[in-house]
Amino acid sequence: MNALKRNFLVHYYVILLIVILASSCSKSQKVDSSIDRKQDFTDNWQFQLNADITDPESVLNSGAWETRQLPHDWSIAQDFDQNSRAGIGGGALNGGLGWYKKTFKVAEEDTSKITKIVFDGVYQNSSVWINGKLLGNRPNGYIGFEYNLTPYLHFRDKENTILVKADNNNQPNSRWYSGSGIYRNVWLKTVHKVHIPQWGTFITTPQVSTEKATIQLTTKVENESATSQNVQLETKILFGNKTVATTTSKVINIDSNKNQEVAQKIEIKNPDLWSVNEPNLYQAVARIKIDNEVVDKYTTTFGIRYFKFDLEKGFLLNGESVKIKGVCMHHDLGPLGAAVNTRAIERQLEILKEMGVNGIRTAHNAPAPELLDLCDKMGFIVMDEAFDMWTKAKTENDYSQFWDKWHKRDLEDLIKRDRNHPSIFMWSIGNEIQEQWSEKGAEIGRELSKIVKNLDTTRLVTAGMNPPIHVNNKEVTIQFEETADQPNALAGSGALDIIGYNYAHQTWEKHQTNFPNIPFIATETTSGLETRGYYEFPSDTTKIWPVRWDKVFTGGNPDNTVSAFDQVRAPWGSLHETSWKIIKKHDFLSGFYIWTGFDYIGEPTPYEWPSRSSYFGIIDLAGFPKDVYYMYKSEWTTDTVLHVLPHWNWKKDQTVDVWAYYNNADEVELFINGKSKGIKKKTGDQLHVMWRFPFEAGTLKAVSRKDGEIVKETLVKTADKPAQLKLSPDRKTIKADNKDLSFITVTITDKDDVLTPRADNNISFSIEGDGEIVGVASGDPTNHQSFKGTEHRALNGKCLVIVKAGKNAGTLKVTASSKGLQAASCTLTMVD
């Protein structure tokens, strides 16, 4: 063979080999990239609210269906009803029996796969059918679940019908507003018959330092095929778009209709640790290979961090002391109700983060997955709470009736769903459980703790106890007085790794004496009460409203308002400053979760009807901060704060108090129309300063100084009569995805753009473009206008309108108008 021919053959075979390898690689990459396990399944559902039809066949044949996009909460669109069976505790909004249906087709190529439907939550007592076949029932409205549709599906051109019944008819059944319907996201999942099942990974970091971290991965692989399969599991660890480590298992054999757990260990050098200030996230991408072909891909987000609750030093994260400055959050999203929206949750967390909050307690039930994803990304220390009651009911039709059959499954599912979130540091197995004082409570507590630790030993188990120890102090509220003379059996049961205090701030400093071997967390605190923008004088008196937790309150104000000075509290709680001063003082007090971050629908303590939502929030139902927000911001952030309250519209010569919250300064001087009212300095443990003098209209100016140099100036002016509207969107550019939101603040001002602090004008809204108004609110707990309308009455000069983008890129024009006021508009841009 001559040299020319030999060279030709060499080149030929090299090129052929490259083509074969490229083809193989291309095929593998194509299979890998085409794996889309979950698709959004929230569009084009049909809905009807119909308690008269209870069987699925009859409801399918009825003609009363309306198109809805999920997530959907039907209760939030109801009229406020004084006689609602939910009561004011449930927001005076009715439940009922709701039906949902959706038709869809499944491609022929999916006949060899497994198709499942995933519900993140349906409130409540849901039943699901596919093509007339009952798949199952789930009473708990807060936990997610999935059903296998595969055996009952039609393929190709024949339609399938999914039918869901949500039965929220028996009220009351939750604390507080629950919402009704398929109020969380729904997904259609299509996977190879050999796949990683729902919540099938568990990632821990048993050894962590700044130099290296050991990642322990446990992955469940399920074989739903008719034959045994030889499987290989490859896992890559990504940080951003960069692969930082890879591990490949041996080939394992899994029998038909069996599953097997695969353990893998990876070491990462110089890891980027997760913290509240730098919430670094990694991804573990697991690929299942059969005959070197990728048949399934499953991505798990996780963080690398280490922590300890120290008996002396409190909470340590990555070796550094971190005081937990948290809030409790009920699950509703104000005017959006319980219907989950990622941007709405993100906005809440952004407002809290700006205040300096670093912790969230999911009071009192399993939260939406989106909340935990955002807490991972934004850096919050989460207490994930499972139950508000056990076997003893708190409301007539609550979860206690399902306890015996469902609590184990529900708790296990919560732990498996959430245990990879780096933001979660504690599991709460109960809130103010009535059994806490009895041996039965100790027994259940130990059972629940064991369930948790069978699935996760990396976090602490706690419970919110009120209080964890009985003391002979009349100032400490014992809610269940018939057992007040008994020690708290749950606290002493050995079930808890960290003692959770609900209120009882008078006992916190004695924790090391009462519980010398168990660390401290204040699971729920404060319960201060305020109406945004309403003030009473004198401001330095404390009011306890109501007088007792179990007595109807007959005092207060005729219009159901509460002073926004930090001067009103519930009998079981404290003023805001009181609890924070104690937590701040002692290192061993690891932190607290304030009741609550935001106002929520229901529980309008201290009032009855016509109030229908809470007064506890540091931020009102519309997302507008109350004044105490700035006390916390001055204490919890390095941002320069000089916040002055109240507004400056009072009667001539009326004696008024002026407060200032400030930081980064030594003193504050107050001026009225250029005349000094004196310099004030915080002394001791003071958190604000105060002046008292007769009112004089004009301009109030506060000046903070440090070492004689001006740090900040704040002006508060007397407003003239209301003259115009101003619109301020939180974001002017939003995504055209039929989900994204813009929250537009509407301010009523005088002719000189000064906020008119008592304006309560009714404001109408209109919209032009591919979008819709999905919520209106003002933060007024007594307003009975619908949250889902296109008009709303302002509270003390402010109102909110929420606009949702459509599916088409372009612009939206939002206009606000009110009789006698100059209208205003703003333009939003929607982008693909």
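In this report, the structure presented in the accompanying data block is examined. Keep in mind that this is a model prediction, so the values were computed, not measured.

Overall, antiparallel pairing links the four strands, which are arranged E36-E35-E38-E39 in an open sheet. Both edges of this open sheet fall to strand E36 (675–680) and strand E39 (709–717), since each of them pairs with a single strand only. Ignoring which end each strand starts from, the neighbouring axes of this sheet average 20° apart. Both strand E35 (residues 667–672) and strand E38 (residues 699–706) contribute to a ladder of six bridges, which runs antiparallel. Pairing of Phe671 across the sheet is with Lys701, part of E38.

Looking now at the packing of helix H8 (residues 576–585) against helix H9 (residues 628–636). Two elements in contact, H8 and H9, have axes separated by 11 Å at closest approach and are oriented at 15°. With respect to their mutual orientation, H8 and H9 come out roughly parallel. In the packing of H8 onto H9, the handedness of the crossing is right-handed. Contacts between H8 and H9 involve His576, Glu577, Trp580 and Lys584 on the former and, on the latter, Val628, Met631, Tyr632, Glu635 and Trp636. Considering only residue class, the contact of H8 with H9 consists of five nonpolar, one polar and three charged.

On to the environment of Glu713, then. By secondary structure assignment, the location of Glu713 is in strand E39. Sequence-wise, Glu713 and Phe515 are 198 residues apart; in three dimensions their C-alpha atoms are separated by 47 Å. Sequence-distant contacts of Glu713, that is, excluding residues within four places in its chain, are made with Leu642, Lys701, Ala702 and Val703.

We now examine helix H5 (residues 403–418). If you check H5, its first and last C-alpha atoms are 21 Å apart, about what 16 residues at 1.5 Å a residue would give, namely 22 Å. Within H5, the full set of buried residues consists of Trp403, Trp406, His407, Asp410, Leu411, Asp413, Leu414, Ile415, Arg417 and Asp418.

Spatially, the eight strands close up into a barrel ordered E23-E24-E25-E26-E27-E28-E29-E32, and their pairing is parallel. Direction aside, the axes of adjacent strands within the sheet are offset by 25° on average. Two strands pair when backbone bridges link them, and strand E26 (residues 424–431) and strand E27 (residues 460–465) are joined in this way by four bridges, in the parallel orientation. Looking at the pairing, Met426 lines up with Leu460 of E27. Sheet strands touched by helix H6 (residues 439–455): E26 and E27. Its angle to E26, the strand with the most contacts, is close to 150°.

Reading the values: the criteria
Residues numbered from 1 in each chain as written. Predicted model: local features only at pLDDT ≥ 70, side-chain atom pairs only at ≥ 80, totals over all residues. Heavy atoms only, no water. Pairing = 2+ DSSP bridges. Helix = DSSP H or I, 4+ residues; strand = E, 2+ residues; numbered from the N terminus. Axes fitted to C-alpha atoms, helices over the stretch in contact; angles between N-to-C directions. Parallel < 35°, antiparallel > 145°, perpendicular 65-115°, else oblique. Left-handed = near helix turned anticlockwise from the far one by under 90°. Contact = heavy atoms within 4.5 Å. Nonpolar A, V, L, I, M, F, W, Y, C, P; charged D, E, K, R; others polar. Expected span 1.5 Å × (residues − 1). Buried < 20%, exposed > 50% of the residue type's maximum accessible area, 1.4 Å probe, protein only.

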